[in-house]
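# Inside the fold
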Amino acid sequence: MRSASAVRRYRDEPVSDTAIEACLRAASWAPSGGNQQPWKFVVLRSSSLRDVITAAARKTWEIMTDFYRLSVPDDRADDPKSRVLRTMAEHMRVGGDAPVLVLFCVQPQRGTTELQQGGSIFPAVQNFLLAARAQGLGAAITLWHGSCEDQLRSMVEIPDDWKIATLLTVGWPKGGHHPVRRKPLEEVAAIDLWDRPWGKTEG
(Lines give C-alpha, C1' and ligand atoms only; values in the text may rest on other atoms or scores of the structure.)
Protein backbone atom coordinates (compact mmCIF):
# COMPACT_ATOMS: atom_id res chain seq x y z
CA MET A 1 0.00 0.00 0.00
CA ARG A 2 2.81 2.38 0.87
CA SER A 3 4.23 2.17 -2.64
CA ALA A 4 0.97 1.86 -4.60
CA SER A 5 1.06 5.42 -5.90
CA ALA A 6 -0.68 6.47 -9.11
CA VAL A 7 1.39 5.37 -12.13
CA ARG A 8 0.66 7.28 -15.34
CA ARG A 9 3.62 6.38 -17.58
CA TYR A 10 3.85 2.88 -19.02
CA ARG A 11 6.33 0.84 -21.00
CA ASP A 12 5.32 -0.31 -24.45
CA GLU A 13 4.89 -3.85 -23.23
CA PRO A 14 1.73 -5.98 -23.19
CA VAL A 15 0.04 -7.05 -19.97
CA SER A 16 -1.07 -10.68 -19.95
CA ASP A 17 -4.67 -11.76 -19.49
CA THR A 18 -3.48 -13.76 -16.48
CA ALA A 19 -2.21 -10.62 -14.75
CA ILE A 20 -5.40 -8.67 -15.48
CA GLU A 21 -7.59 -11.57 -14.38
CA ALA A 22 -5.79 -11.64 -11.03
CA CYS A 23 -6.63 -7.95 -10.59
CA LEU A 24 -10.25 -8.43 -11.65
CA ARG A 25 -10.63 -11.37 -9.27
CA ALA A 26 -9.21 -9.27 -6.43
CA ALA A 27 -11.72 -6.54 -7.29
CA SER A 28 -14.54 -9.07 -7.02
CA TRP A 29 -13.45 -9.94 -3.46
CA ALA A 30 -14.17 -6.39 -2.23
CA PRO A 31 -16.93 -5.65 0.29
CA SER A 32 -20.16 -4.00 -0.86
CA GLY A 33 -23.40 -2.83 0.73
CA GLY A 34 -25.45 -5.86 1.76
CA ASN A 35 -22.98 -7.98 -0.22
CA GLN A 36 -25.04 -7.09 -3.29
CA GLN A 37 -21.86 -6.81 -5.42
CA PRO A 38 -23.52 -4.24 -7.71
CA TRP A 39 -20.51 -3.91 -9.97
CA LYS A 40 -19.34 -4.58 -13.49
CA PHE A 41 -15.71 -4.34 -14.65
CA VAL A 42 -15.35 -3.81 -18.40
CA VAL A 43 -11.94 -4.21 -20.05
CA LEU A 44 -11.86 -1.94 -23.10
CA ARG A 45 -9.88 -3.40 -25.99
CA SER A 46 -11.47 -2.34 -29.27
CA SER A 47 -9.67 0.38 -31.21
CA SER A 48 -12.89 2.37 -31.57
CA LEU A 49 -13.40 2.47 -27.80
CA ARG A 50 -9.75 3.36 -27.27
CA ASP A 51 -10.07 6.23 -29.75
CA VAL A 52 -13.03 7.59 -27.81
CA ILE A 53 -11.03 7.42 -24.56
CA THR A 54 -8.03 9.16 -26.15
CA ALA A 55 -10.19 12.03 -27.39
CA ALA A 56 -11.82 12.32 -23.96
CA ALA A 57 -8.46 12.31 -22.17
CA ARG A 58 -7.11 15.10 -24.37
CA LYS A 59 -10.29 17.11 -23.94
CA THR A 60 -10.02 16.67 -20.16
CA TRP A 61 -6.45 17.98 -20.26
CA GLU A 62 -7.53 21.02 -22.29
CA ILE A 63 -10.25 21.78 -19.75
CA MET A 64 -7.85 21.35 -16.82
CA THR A 65 -5.10 23.50 -18.31
CA ASP A 66 -7.60 26.26 -19.08
CA PHE A 67 -9.39 26.13 -15.72
CA TYR A 68 -6.23 25.91 -13.59
CA ARG A 69 -4.10 27.97 -16.00
CA LEU A 70 -1.54 25.19 -16.23
CA SER A 71 1.42 24.94 -18.55
CA VAL A 72 3.70 21.96 -18.97
CA PRO A 73 7.16 22.69 -17.53
CA ASP A 74 10.19 21.88 -19.67
CA ASP A 75 12.49 18.99 -18.80
CA ARG A 76 14.90 21.23 -16.93
CA ALA A 77 12.39 21.77 -14.11
CA ASP A 78 12.97 18.88 -11.72
CA ASP A 79 10.80 19.85 -8.74
CA PRO A 80 7.97 17.45 -7.75
CA LYS A 81 5.17 19.67 -9.12
CA SER A 82 6.85 19.99 -12.52
CA ARG A 83 7.42 16.24 -12.74
CA VAL A 84 3.79 15.55 -11.88
CA LEU A 85 2.53 18.02 -14.48
CA ARG A 86 4.69 16.50 -17.21
CA THR A 87 3.51 13.01 -16.24
CA MET A 88 -0.14 14.10 -16.27
CA ALA A 89 0.29 15.71 -19.67
CA GLU A 90 1.83 12.55 -21.10
CA HIS A 91 -0.85 10.36 -19.51
CA MET A 92 -3.66 12.34 -21.13
CA ARG A 93 -1.88 12.61 -24.46
CA VAL A 94 -1.46 8.81 -24.59
CA GLY A 95 -5.03 8.32 -23.34
CA GLY A 96 -6.62 5.20 -24.74
CA ASP A 97 -3.28 3.88 -25.97
CA ALA A 98 -2.39 2.87 -22.42
CA PRO A 99 -1.72 -0.90 -22.31
CA VAL A 100 -4.94 -1.72 -20.43
CA LEU A 101 -8.17 0.20 -19.80
CA VAL A 102 -10.75 -0.97 -17.27
CA LEU A 103 -14.13 0.66 -16.73
CA PHE A 104 -15.71 0.28 -13.28
CA CYS A 105 -19.50 0.55 -13.17
CA VAL A 106 -21.98 0.39 -10.30
CA GLN A 107 -25.72 -0.23 -10.15
CA PRO A 108 -27.22 2.13 -7.55
CA GLN A 109 -29.21 0.34 -4.87
CA ARG A 110 -32.60 1.70 -3.92
CA GLY A 111 -32.49 4.32 -1.18
CA THR A 112 -28.72 4.89 -1.31
CA THR A 113 -27.01 8.23 -1.73
CA GLU A 114 -24.25 8.74 -4.29
CA LEU A 115 -21.69 8.60 -1.49
CA GLN A 116 -23.10 5.28 -0.31
CA GLN A 117 -23.05 3.95 -3.86
CA GLY A 118 -19.35 4.77 -4.01
CA GLY A 119 -18.86 2.54 -0.98
CA SER A 120 -19.97 -0.40 -3.12
CA ILE A 121 -17.55 0.16 -6.01
CA PHE A 122 -14.41 1.98 -4.84
CA PRO A 123 -13.30 -0.82 -2.47
CA ALA A 124 -13.26 -2.98 -5.63
CA VAL A 125 -11.19 -0.33 -7.39
CA GLN A 126 -8.72 -0.29 -4.51
CA ASN A 127 -8.48 -4.10 -4.50
CA PHE A 128 -7.68 -3.96 -8.23
CA LEU A 129 -5.00 -1.32 -7.64
CA LEU A 130 -3.36 -3.32 -4.87
CA ALA A 131 -3.43 -6.54 -6.89
CA ALA A 132 -1.83 -4.66 -9.79
CA ARG A 133 0.89 -3.29 -7.51
CA ALA A 134 1.55 -6.77 -6.06
CA GLN A 135 2.41 -7.96 -9.58
CA GLY A 136 4.65 -4.98 -10.30
CA LEU A 137 2.06 -3.25 -12.49
CA GLY A 138 1.18 0.42 -12.23
CA ALA A 139 -2.28 1.95 -12.51
CA ALA A 140 -4.07 5.27 -12.24
CA ILE A 141 -7.66 6.33 -11.61
CA THR A 142 -9.09 8.69 -14.25
CA LEU A 143 -12.35 10.54 -14.78
CA TRP A 144 -11.96 10.79 -18.56
CA HIS A 145 -15.30 9.06 -19.05
CA GLY A 146 -16.96 12.30 -18.01
CA SER A 147 -15.95 13.83 -21.35
CA CYS A 148 -17.41 11.00 -23.44
CA GLU A 149 -20.02 9.36 -21.24
CA ASP A 150 -22.96 9.32 -23.66
CA GLN A 151 -20.86 7.88 -26.47
CA LEU A 152 -19.17 5.38 -24.17
CA ARG A 153 -22.45 4.20 -22.68
CA SER A 154 -23.88 3.67 -26.15
CA MET A 155 -20.86 1.80 -27.51
CA VAL A 156 -20.44 -0.44 -24.45
CA GLU A 157 -24.24 -0.86 -24.19
CA ILE A 158 -24.30 0.08 -20.51
CA PRO A 159 -27.85 -0.25 -19.09
CA ASP A 160 -29.55 3.02 -18.14
CA ASP A 161 -29.74 2.08 -14.46
CA TRP A 162 -25.97 1.69 -14.13
CA LYS A 163 -23.39 4.43 -13.48
CA ILE A 164 -19.77 4.70 -14.56
CA ALA A 165 -17.63 5.19 -11.46
CA THR A 166 -14.15 5.47 -12.95
CA LEU A 167 -11.75 4.34 -15.66
CA LEU A 168 -8.37 2.85 -14.79
CA THR A 169 -5.28 2.83 -16.97
CA VAL A 170 -2.90 -0.05 -16.27
CA GLY A 171 0.53 -1.11 -17.49
CA TRP A 172 4.13 -1.89 -16.65
CA PRO A 173 5.57 1.35 -15.24
CA LYS A 174 8.38 3.36 -16.76
CA GLY A 175 10.74 3.62 -13.83
CA GLY A 176 10.03 2.07 -10.45
CA HIS A 177 7.42 2.33 -7.75
CA HIS A 178 7.88 5.03 -5.15
CA PRO A 179 6.53 5.56 -1.62
CA VAL A 180 3.37 7.64 -1.54
CA ARG A 181 3.54 11.16 -0.12
CA ARG A 182 0.86 11.67 2.51
CA LYS A 183 -0.01 14.12 5.29
CA PRO A 184 1.18 13.24 8.82
CA LEU A 185 -1.25 10.97 10.64
CA GLU A 186 -1.95 13.56 13.32
CA GLU A 187 -3.40 15.85 10.61
CA VAL A 188 -5.93 13.30 9.37
CA ALA A 189 -6.79 11.22 12.47
CA ALA A 190 -8.40 12.37 15.71
CA ILE A 191 -9.63 11.06 19.05
CA ASP A 192 -13.20 11.92 20.13
CA LEU A 193 -13.00 15.56 19.03
CA TRP A 194 -12.33 16.91 15.52
CA ASP A 195 -9.45 19.04 16.74
CA ARG A 196 -7.85 16.46 19.07
CA PRO A 197 -5.19 14.84 16.88
CA TRP A 198 -4.33 11.19 17.11
CA GLY A 199 -1.40 10.71 19.49
CA LYS A 200 -2.32 13.71 21.61
CA THR A 201 -3.81 13.13 25.07
CA GLU A 202 -5.68 15.56 27.25
CA GLY A 203 -3.27 17.64 29.30
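Okay, so let's go over this structure. Note that this is a predicted model, so its numbers are computed, not measured. (Residues numbered from 1 in each chain as written. Predicted model: local features only at pLDDT ≥ 70, side-chain atom pairs only at ≥ 80, totals over all residues. Heavy atoms only, no water.)

Here we take up the side chain of Thr 60. Mapped onto the elements, Thr 60 comes out in helix α2 (residues 47–67). Note on Thr 60: relative accessible area 14%, which makes it buried. A polar atom in the side chain of Thr 60 sits 2.8 Å from the backbone oxygen of Ala 56. Once residues lying within four places of it in the same chain are set aside, the contact partners of Thr 60 are Met 92, Trp 144 and Ser 147. (Helix = DSSP H or I, 4+ residues; strand = E, 2+ residues; numbered from the N terminus. Buried < 20%, exposed > 50% of the residue type's maximum accessible area, 1.4 Å probe, protein only. Polar contact = N/O pair within 3.5 Å; in protein donor to acceptor, adjacent residues only side chain to side chain. Contact = heavy atoms within 4.5 Å.)

Once that is clear, we can look at the pattern of salt bridges. Between side chains of opposite charge, a pair can form when the charged atoms approach closely. The tally for this structure, following the rule as stated, stands at 11 salt bridges. Among the salt bridges present, the one from Asp 75 reaches Arg 86, with a minimum N-O distance of 3.7 Å. Highlighted residues: Asp 75 in the loop between α2 and α3 (80–94) and Arg 86 in helix α3, separated in sequence by 11 residues. Asp 192 is the partner of Arg 196 in a salt bridge, and the nearest nitrogen-oxygen pair spans 3.6 Å. Here Asp 192 falls in the exposed class, since its relative accessible area comes to 75%. Several salt bridges share partner residues, and in doing so they unite Arg 9, Glu 90 and Lys 174 into one network. (Salt bridge = Lys/Arg side-chain N within 4 Å of Asp/Glu carboxyl O.)

Summary: where empty space remains is shown by rolling a probe the size of a single water molecule over the atoms. The calculated volume of the largest pocket comes to roughly 630 Å³. Looking at the largest pocket, it is lined by 21 residues, and the ones nearest its centre are Ser 5, Ala 6, Val 84, Thr 87 and His 178. Split by residue class, the lining of the largest pocket holds 7 nonpolar, 6 polar and 8 charged. Roughly 240 Å³ of internal volume is contained in the second largest pocket. In terms of lining, the second largest pocket is formed by 17 residues, of which the most central are Ala 4, Ser 5, Ala 6, Leu 129 and Ala 139. At the level of secondary structure, the elements contributing two or more residues to the lining of the second largest pocket comprise α5 (122–134) and β3 (138–142). With 5 residues, α5 is the single largest residue contributor to the lining of the second largest pocket. Within the lining of the second largest pocket, the residues separate by chemical class into 11 nonpolar, 4 polar and 2 charged. (1 Å grid on protein atoms, 1.4 Å probe; cavity = no way out; pocket = protein on both sides within 12 Å on 5 of 7 lines; lining within 4 Å. Points joined across faces, edges and corners; volume = space filled by probe spheres on them. Nonpolar A, V, L, I, M, F, W, Y, C, P; charged D, E, K, R; others polar.)

Our next topic: the sheet that holds strand β1 (residues 39–43). Reading across from one edge, β1-β2-β4-β3 is the order of the 4 strands in this open sheet, with antiparallel pairing throughout. Edge positions in the sheet fall to β1 and β3, since each of these pairs with one other strand and no more. For this sheet, the mean inter-axis angle between neighbouring strands, taken without regard to orientation, is 25 degrees. Here strand β2 (residues 100–106) pairs with strand β4 (residues 163–171) via 7 bridges, running antiparallel. Considered in β4, the bridge of Cys 105 is made with Ile 164. (Pairing = 2+ DSSP bridges. Axes fitted to C-alpha atoms, helices over the stretch in contact; angles between N-to-C directions.)

With 21 residues, α2 extends 30 Å between its outermost C-alpha atoms, agreeing within 8% with the 30 Å of an ideal straight helix rising 1.5 Å per residue. Among all positions in α2, only Leu 49, Arg 50, Val 52, Ile 53, Thr 54, Ala 56, Ala 57, Thr 60, Trp 61 and Met 64 are buried. One or two positions beyond α2, positive phi appears at Arg 69, with a value near 55 degrees. (Expected span 1.5 Å × (residues − 1).)

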